[in-house]
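Examination of the molecular architecture
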Amino acid sequence: MSNSKRSENFIASHSLALLRKFTKPRRNEIRGAISHIRQKGITTRSEDIIRCNTCVADMAVAASLLEGPYGLKGRTVTGLSQKDVWLGYETQDRDFELELAYLCGFLNSWPEETAKAIGTIEIISGIWNADHLDAAGALLACANEWGASNYLAFKIAYLKHVSTGDDKTLSVLNKIDSIVEHRESPQLQFSAMEHMKESLSIFSIARRHTNTLRQMYAGNFRRSLSLSNLVSTPFSNADGAAFIHRAVESSLFDGVHVLWILWGLQDRFPSLERIAKRILNDDILRQLELARTRLGASTIPDLKNKLRSIDEQDRSLEYYKKSSAFLEFPALARFRNDIDRVIGYRFVIALLPNGTDWPTNPYCNLNNLMQPNSTFDLALHNHETIQIDTFYRTYLFLRYIQDKGQLALLNEYEVKYLFNNTVGLDSLLTEAELQTMHMNASEETRALVSVLALALFRGRSSDPDVDFEYRLKLEDYIIDEFDGKIPDFIEDLTLENPQIASYLSSSLDESTLQKMYRLINSAQQAGEVRKQILTSVGLALNRIDYIIEAEAIETRAKVSGLRKYFDGSRMFVDSVAMSDWLAANPSAYTQHYKELLPQLVTRLTAIADYKDTRTGETHRIPVVEVSNTIDHIVKQIVQEAFREFCTNAEFGIESYLGRRIRHNTLHGVMLDPVDAVIAKPLFHPLLTQTRFGEAISDWKSSYRIYIDRMRKEFLQFKRDGKPSALFDPELDFRESATKRSIENLTQILKISGPEMLPDLVIAFCWEQISPQLDNASREIRIKMSGDVKQSLEALAGKFTAPEQQRVLLELNEAIDTVFSRVASWFRRPDTGFVAASLHDICRIIDMEIGRAESPSIVTGNRLETKYYGISVHRIYDCLAVVLQNAVRHGTFHEDIKIAAISNPIEGTNLHHLKISVISKIDTEEVESSIERIQAALDAAETGRDMVTEGYSGLKKLKYLTKLNLGESSVDFASVGDEVEISFSLKVEISSEEASCGESSSD
């Protein structure tokens, strides 16, 4: 008998032995499922049948039957890759006690492995206090023994974060990455890394994941590991069941870790100890309790000592994020769980089933909430006397507002203080809470709270009724209190309440301002008001990014003057808004890429002897390796970016489709030409109370139905329930063109550096969507119009009189016109960018600064090269600073000379552009001017000194070039009374320039 046959027989006899352990009512159904699996393999349905138990004893046996060493799933628990762990699951969650019994049955099936896992967790828990190299060695041993697990991914992410720059440690961590096949499936570690990096906002991470994964995982967020890791502990019994199920599906090691975590939370899960002691193997239970007791008596990880450049005001937030790597410590598990029950719950509330209960108790101590910020102390968590910081106050405030009566008692000062000294309320407040705030505020604070609540609510909702109500209330408030002047309203808020002002400014974008008809008269005024809002908030918060955004509005308006033609029918995506979004919402992939790129160098790893067979001589040669590659990281970056490019509600293609559909543009465009034919007086006798008229009426009804199908089924992005959609927000990495595009992007990024990432990623997204747009245009113009004309022929084609045929002919022509116009929406899109040469940009600036009659003299090479994208805005902003400086401080009416050198960066559509501006200064002011310029270049380009400069001088120039190149490229020189100020940028050239390969001659 062959080994495989013997193995099959053994599994069959093992299954039969376990079948007898089920209660009698369950055996027939289990027997049928086993038979089905042996014939056709494991399916979600057959697995659900075996798991569909009502008593814990049956559930434990089901785990052995499915998950054991000879189980029906053929499971292995060691040597796993990250791809093995990064899997969703489709089987149904049972209740908490049943899932706990299933976990215990799973661990009982692997007693030796479970005992080893408990010992390994106890050892590895100490890496926070160990030498980095020793810690990496412990993780390497774990990876060699077990392979990948979610638990190990968090430990690796933590150690990578705290050991940056330690080459020996990173070398060991690279070996671990190789073992767990990190490069092939990097999502697991990056999901963990999101919790380690201070630069990544947990609120923006939560928004990004819930927005992009809502369609796939609504109802049970634990099926996705990236969502599950957002909420590292369970916030209720129902969530606890899914929490256990998630871990079992990931790995045995994660199952052990989850049981360890829950044991530290058993006061919140009262049935835990009873079920575990009943089901779990006595030896495993004893070892777990001993290991937990020893760990509980040890020092709690002092995570703040591992943080670099920590802001003491946010220490509780750092503890919350990094505790996810050390949940085996009971104190950290309890702290994390308390916060998860309030904040983690809100991160995923949009994905929870309707009616999910509020999982924590209210908080009543207003005096604690009103304390000034201090350094958070974990030891005082949940004590009456606490040390509070911004994040911890947010946690307590969200508990406080559960009592509607307490909210009504807050006075205006308390409301403003709490909104100013909390964080992320726009992400955390639920719609019900916002409505409660709106309805239950005191008379003194009602207007302010109403405006704030609706501003935050609008940021969370796409409901046009909410949008309208928000605008109406805000308009009323501004008219009553500030004579209808929005900037005065914002400026008043920013004096004492800058955080409140920032909430409002985030919702008062230009499109919203344009709809505030009682206050704003034109799009131009909306842009100007938006600029004033951003400037006020930026100065109040000392945030240069607000100021840069404000000035970008003016830049955009001026640069758009270069546009000779704009085709309003084309697909439009706001690339500028997407670029801003990419900068404001970096993913862990983006951050790691920016850190990793400088390390893409060869490094010496050994010296080896090499014998030359031709001469017989022995040489000592270096052995080098490329330390890292970024291909797999770039793939994840573009995947997330493309999804947002397609579906983001503010700037994505889906928002464009939504506007076309929601505002009835589609119905109007498709019905008006047809109605015009039918309504012709000439055709009235043919269509009134005739069989031909009835046929045309029937066809028009079917045509309306077809338009609805287009709206609901075709002009959509593919997801569950929309298989006929024309657009797909997911990249297919198996497709050869996509592979080539990613390879090209990776190579360009290695040359260009991380600062060009947003520009290049947006260009990549346009390249990827173009074939989909072409296909949609073709489908609409040919297939869909053909379907409609065919239906017209089927219903009315039998009418052959010349007058009737003329009606049909004109209807067919109208159909062609209609579908051609709709198809034109999906031609190669307008990106919102303008191509411009250096001459074009200089001409605009010369007019702006009053030198149209004596323009700057521009010399250099490639002066007719057209630059493109954000690069045009960057050149304009930088050049405007230097030219304004030359006019303000230079000799009146002297020529200003601009010298430009533009050189292609090989293998890319980028150029390295150096611009020098040469101007003359009055002789007596030369020395003071040089001192002024030198002082500006030596000073920091952010901070209070930029406020005094007005964010518009040479410090701004330094800041802009640093954003582009990673470091400031501003320089200056002086000879006699001439001063030369120069700067360099990496810039994108237009696709037409890149494809034809412009001349490199001077």
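Once a new chain begins, its residue numbering starts again from 1 and follows that chain's sequence as written. This being a predicted model, a pLDDT of at least 70 is required before a residue's local features are given, and a value of 80 or more before pairs of side-chain atoms are given or counted; all residues contribute to the totals for chains, interfaces and linings. Hydrogens and water are ignored here; the side-chain numbers use all heavy atoms of the structure.

Looking at the environment of R346
The residue R346 is located in helix α19 (residues 330-347) in this model. Three labels apply to residues, based on accessible area from a 1.4 Å probe with only protein chains included: buried if under 20% of the type maximum, exposed if over 50%, partly exposed otherwise in between. Judged by its relative accessible area of 2%, R346 is buried. With residues near it in sequence (within four places) discarded, R346 still touches W358, L398, Q402, L428, T430 and E433. Helix and strand definitions here come from DSSP, where helices need a minimum of 4 consecutive H or I residues and strands a minimum of 2 consecutive E residues; each element is numbered from the N-terminal end. Here, residues are in contact when the closest pair of their heavy atoms is within 4.5 Å.

What about the packing of aromatic side chains?
Stacked, tilted and edge-to-face pairs are distinguished by plane angle, under 30 degrees for stacked and over 60 for edge-to-face with tilted covering the rest, among Phe, Tyr and Trp rings (Trp via its six-membered ring) whose centres lie within 6.5 Å. Taken as a whole and judged by the stated rule, the model has 24 aromatic pairs. Here the aromatic rings of Y392 and Y395 are separated by 5.4 Å at their centres, their planes lie at 50 degrees, and the arrangement is tilted. Of this pair, Y392 and Y395 both sit in helix α21 (residues 390-400), three residues apart, which is roughly one turn of the helix. Each of the two residues, Y392 as well as Y395, counts as buried. An aromatic cluster is defined as three or more aromatic residues linked by ring pairs; in this entry it consists of Y319, F335, F376, Y392 and Y395. Cation placement over rings: the criterion is NZ of Lys or CZ of Arg within 6 Å of the ring centroid and within 35° of the ring normal. A cation over an aromatic ring shows up here: R51 above the ring of Y102, its NZ or CZ 4.8 Å from the ring centre. Sitting over the ring of F326, K155 keeps its end group 4.8 Å from the ring centre.

Digging into the nonpolar core
What we call a nonpolar core is a set of buried Ala, Val, Leu, Ile, Met, Phe, Trp, Tyr and Cys residues that are connected through their side-chain atoms within 4.5 Å. Judged by nonpolar contacts, the single largest core of 173 residues is most densely connected at I343 and I486. Each residue touching I486, except ones within four places of it in the same chain, is listed here: I478, L508, L513, M516, L519, I520, V529 and I533. Counting 67 residues, the second largest nonpolar core, distinct from the first, contains V634, I742, I769 and L910.

Focus: the side chain of S15
Of note, S15 is situated in helix α1 (residues 3-19). A relative accessible area of 4% means that S15 is categorised as buried. Excluding its chain neighbours within four sequence positions, the residues that come into contact with S15 are I34, L65 and L72.

So, helix α4 (residues 56-67)
What a helix is expected to span follows from its residue count: subtract one and scale by 1.5 Å. Taking 1.5 Å per residue as the helical rise, α4 with its twelve residues ought to reach 16 Å, and the 16 Å between its terminal C-alpha atoms agrees with that figure. Counting buried residues in α4 gives eleven out of twelve residues, a clear majority hidden from the surface. By the burial criterion, the buried members of α4 are V56, D58, M59, A60, V61, A62, A63, S64, L65, L66 and E67.

As for the pairing of strand β5 (residues 910-920)
Taken across its eleven residues, β5 has eight buried, putting it largely inside the fold. We call two strands paired when DSSP finds no fewer than two bridges between them. Sheet analysis places strand β4 (residues 897-904) next to β5, joined by eight bridges and oriented antiparallel. Bridging from a neighbouring strand, I898 pairs with V917 of β5. In sequence, β4 turns back onto β5 through a hairpin of five residues, with G907 there showing a positive phi of about 80 degrees.

Regarding the side chain of T738
Structurally, T738 can be placed in helix α40 (residues 736-752). Polar contacts here mean pairs of N or O atoms no more than 3.5 Å apart (in protein, one a potential hydrogen donor and the other a potential acceptor; neighbouring residues in sequence count only if both atoms are side-chain atoms). Looking at T738, its side chain comes within polar contact range of the side chain of Q768, at 3.2 Å. What T738 contacts, discounting residues up to four positions off in sequence, is D732, F733 and Q768.

A look at the sheet that holds strand β7 (residues 978-988)
Overall, mixed pairing links the five strands, which are arranged β3-β4-β5-β7-β6 in an open sheet. Both edges of this open sheet fall to β3 (857-860) and β6 (971-975), since each of them pairs with a single strand only. Direction aside, neighbouring strands of the sheet carry axes that sit 20 degrees apart on average. The convention used is that axes are lines fitted to C-alpha atoms, helices contributing only their stretch in contact, and that angles between N-to-C directions extend from 0 to 180 degrees.

Considering the pairing of β7
In terms of burial, β7 is largely enclosed, as nine of its eleven residues are buried. Bridge count between β5 and β7: eleven bridges; the pairing is antiparallel. Across the sheet, residue H912 finds its bridge partner in β7, namely K986. Pairing analysis gives five bridges linking β6 to β7, with the strands arranged antiparallel. Bridge pairing links F972 to I981 in β7.

Some points on the environment of E47
You can see E47 is positioned in helix α3 (residues 44-51). A sequence separation of 25 residues divides E47 from L72, and the C-alpha atoms of the two residues are 9.2 Å apart. Other than its neighbours up to four places away in sequence, E47 contacts I42, L66, E67, K73, T91 and E249.

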